[in-house]
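# Descriptive structure summary
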Amino acid sequence: MKQNILVELLTFWKNWHFRQLLDLTAKMKFCLHWKSMAVFVTARHQDEEVEMTRMAVQFELEDLNLRPDPEPLLTEMIHEAAYRENTVGLHRFCPTENIAKINREVLHSYLRNYYTPDRMVLAGVGVEHEHLVDCARKYLLGVQPAWGSAEAVDVDRSVAQYTGGIAKLERDMSNVSLGPTPIPELTHIMVGLESCSFLEEDFIPFAVLNMMMGGGGSFSAGGPGKGMFSRLYLNVLNRHHWMYNATSYHHSYEDTGLLCIHASADPRQVREMVEIITKEFILMGGTVDAVELERAKTQLTSMLMMNLESRPVIFEDVGRQVLATRSRKLPHELCTLIRNVKPEDVKRVASKMLRGKPAVAALGDLTDLPTYEHIQSALSSKDGRLPRTYRLFR
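What you are looking at is a predicted structure, and each value in this text was computed from that prediction instead of being measured.

Basis of the calculations
Residues numbered from 1 in each chain as written. Predicted model: local features only at pLDDT ≥ 70, side-chain atom pairs only at ≥ 80, totals over all residues. Heavy atoms only, no water. Pairing = 2+ DSSP bridges. Helix = DSSP H or I, 4+ residues; strand = E, 2+ residues; numbered from the N terminus. Axes fitted to C-alpha atoms, helices over the stretch in contact; angles between N-to-C directions. Contact = heavy atoms within 4.5 Å. Salt bridge = Lys/Arg side-chain N within 4 Å of Asp/Glu carboxyl O. Buried < 20%, exposed > 50% of the residue type's maximum accessible area, 1.4 Å probe, protein only. Phe/Tyr/Trp six-rings, centres within 6.5 Å; stacked < 30°, edge-to-face > 60°. Left-handed = near helix turned anticlockwise from the far one by under 90°. Nonpolar A, V, L, I, M, F, W, Y, C, P; charged D, E, K, R; others polar. Parallel < 35°, antiparallel > 145°, perpendicular 65-115°, else oblique. Core = buried A, V, L, I, M, F, W, Y, C linked by side-chain atoms within 4.5 Å. Expected span 1.5 Å × (residues − 1). Arc of directions from axis to C-beta.

### Some thoughts on the sheet that holds strand β4 (residues 243-252)
Pairing in this open sheet of six strands is mixed, and the strands run β1-β6-β2-β5-β4-β3 from one edge to the other. One side of each edge strand has no neighbouring strand; the edge strands of this open sheet are β1 (165-170) and β3 (215-217). Between one strand and the next, the sheet's axes are offset by a mean angle of 20 degrees, whatever the strand orientation. Pairing of β1 with strand β6 (residues 359-364), which is carried by six bridges, proceeds in the parallel orientation. Each residue of the ladder has a partner; that of Glu170, found in β6, is Gly364. In the packing of helix α7 (residues 203-213) onto the sheet, the strands contacted are β3, β4 and β5 (257-265), and the crossing angle to β4 comes to about 170 degrees. In the packing of helix α9 (residues 270-284) onto the sheet, contacts are made with β2 (187-194), β4 and β5, and the angle to β5 comes to roughly 145 degrees.

Have a look at this one:
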């Protein structure tokens, strides 16, 4: 149950805890003092607040099933298939029957086990380090949290175990239109393979490979920086007019990673769509053109630098990197690592990835979906073709 209500706990957490940006150092003492008061003193969850949170969670789950964009649900399904019944493969969205189990004791148990000093980072941008440390000592140390001071006793320290597999959800996708103009009925497929964690040296080559694959929707606007020369645009969307979407994603964690391709098409062309995606995976382990590699590296570098022009993003980058790696790589260090990626690096990590079992998520009308064994066979072949099937009757 604890894994199933993680998102709901965080949703509730957002209602009474927020990140205060320290744009003005003159207000920092007040902000830290207010934050410590909010988190440790006034965080007394009333029954009415918990009930309101349950209603909000119920609404979000209903909204999830009505959205025309299937990406959040597909992401959940591909993780479920890739890491069967462990760590990041556990449900991120709460089953409806578990909503009523959320109460003050469950929340405090979660906070007591996971909101501990060794799992927290206090980040500041535009403030002197020593000044921030002094304020933290004054306002954050020695304060009793609302959930008590007992030691954490039930902390899950499991390491992700990649299993591969398939997760399927048959669903009528013909009525997802939000307006008078109907959206075509589509079947959505996501195929993924294990990559690496963000702590490994191969993380940067995988990031470049993901950028090189690129992709998007068939109605994406062109122009500089839109990735219109990425492989999934050139090889898939530009050549197959019936494909509505082909996008590459890279999910990376402390102990594992997953590189996926999401594709959408008419239910009658599911088999052909899957074969196109498996072919693109096989091509990842082939020759890497120097021009497309430089384009991908340049686009990745520019995206990194443009994001870091915003102070809130810098603030979040500092906190995330220190929390995950205990240190922070500066932008010029990351740019150097990106520039040093060679064609053989991309080919090496892709070839290693292709030796693993695939993870498959499928949503919609799955009548013509190839079997998992056929998809696995295609990814083990030289050309990515699915095994031929013959039917006496259609």
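We are not done yet, so read on.
### Overview of the pattern of salt bridges
Inspection of every chain in the model, using the stated rule, returns 13 salt bridges. For Asp202, the salt bridge goes to Arg348, with nearest N and O atoms at 3.0 Å. You can see Asp202 sitting in the loop between β2 and α7 and its partner Arg348 sitting in helix α13 (residues 343-354), a full 146 residues away along the chain. Exposure remark for Asp202: the relative accessible area of 14% places this residue in the buried category. Note on Arg348: relative accessible area 40%, which makes it partly exposed. Here Arg385 makes a salt bridge to Asp383, at a shortest N to O gap of 3.5 Å. By relative accessible area, Arg385 is classed as partly exposed at 44%. When salt bridges with common partners are traced through the structure, they connect Asp202, Asp345 and Arg348 into a single cluster.

### Focus: the packing of aromatic side chains
All chains considered together, the criterion is met by three aromatic pairs. Ring geometry for Tyr83 against Tyr162: centres 5.5 Å apart, planes inclined by 85 degrees, an arrangement best described as edge-to-face. Taken together, the positions of Tyr83 in the loop between α4 (71-82) and α5 (104-114) and Tyr162 in the loop between α6 (129-139) and β1 put the pair 79 residues apart, joining distant regions of the chain. With a centroid separation of 6.1 Å and 65 degrees between ring planes, the pair formed by Tyr110 and Tyr115 is classed as edge-to-face.

### As for the packing of α9 against helix α14 (residues 372-380)
Taken N-terminus to C-terminus, the directions of α9 and α14 make an angle of 35 degrees; their axes are 9 Å apart at the nearest point. Along this stretch, α9 crosses α14, giving a crossing that reads as right-handed. Of α14, the residues touching α9 (which contributes Arg271, Val274, Thr278, Phe281 and Ile282) are His374, Ile375, Ala378 and Leu379. Considered class by class, the residues forming the contact of α9 with α14 number six nonpolar, two polar and one charged.

### Description of the packing of α9 against α13
Two elements in contact, α9 and α13, have axes whose closest approach is 8 Å; the angle formed by their N-to-C orientations is 130 degrees. Considered as vectors, α9 and α13 are oriented oblique to each other. In contact with Phe281, Ile282 and Met284 of α9, α13 contributes Val346, Lys347, Ala350, Met353 and Leu354. Looking at the contact of α9 with α13 residue by residue, the class counts come to seven nonpolar, no polar and one charged.

### Quick word on the nonpolar core
The nonpolar side chains of soluble globular proteins are, as a tendency, buried together. One finds Ile189, Leu209, Met243, Met273, Phe281, Met284 and Met353 to be the most contacted residues of the largest nonpolar core, which totals 51 residues. Setting aside chain neighbours within four positions, we find Met284 in contact with Leu209, Met213, Arg231, Leu259, Ile261, Val346, Lys347, Ala350 and Met353. Ala81, Ala82, Tyr83 and Leu258 belong to the second largest nonpolar core, which has 17 residues in total.

### Remarks on helix α3 (residues 47-66)
Along its 20 residues, α3 runs 29 Å from first to last C-alpha, staying within 8% of the 28 Å computed at 1.5 Å per residue. Within α3, the full set of buried residues consists of Val50, Thr53, Arg54, Val57, Leu61 and Leu64. The arc enclosing the buried residues of α3, seen along the axis, measures out at 105 degrees, which places them on a common side. Facing away from the buried side of α3 by more than 90 degrees, the exposed set consists of Glu48, Met52, Met55, Phe59 and Leu66.

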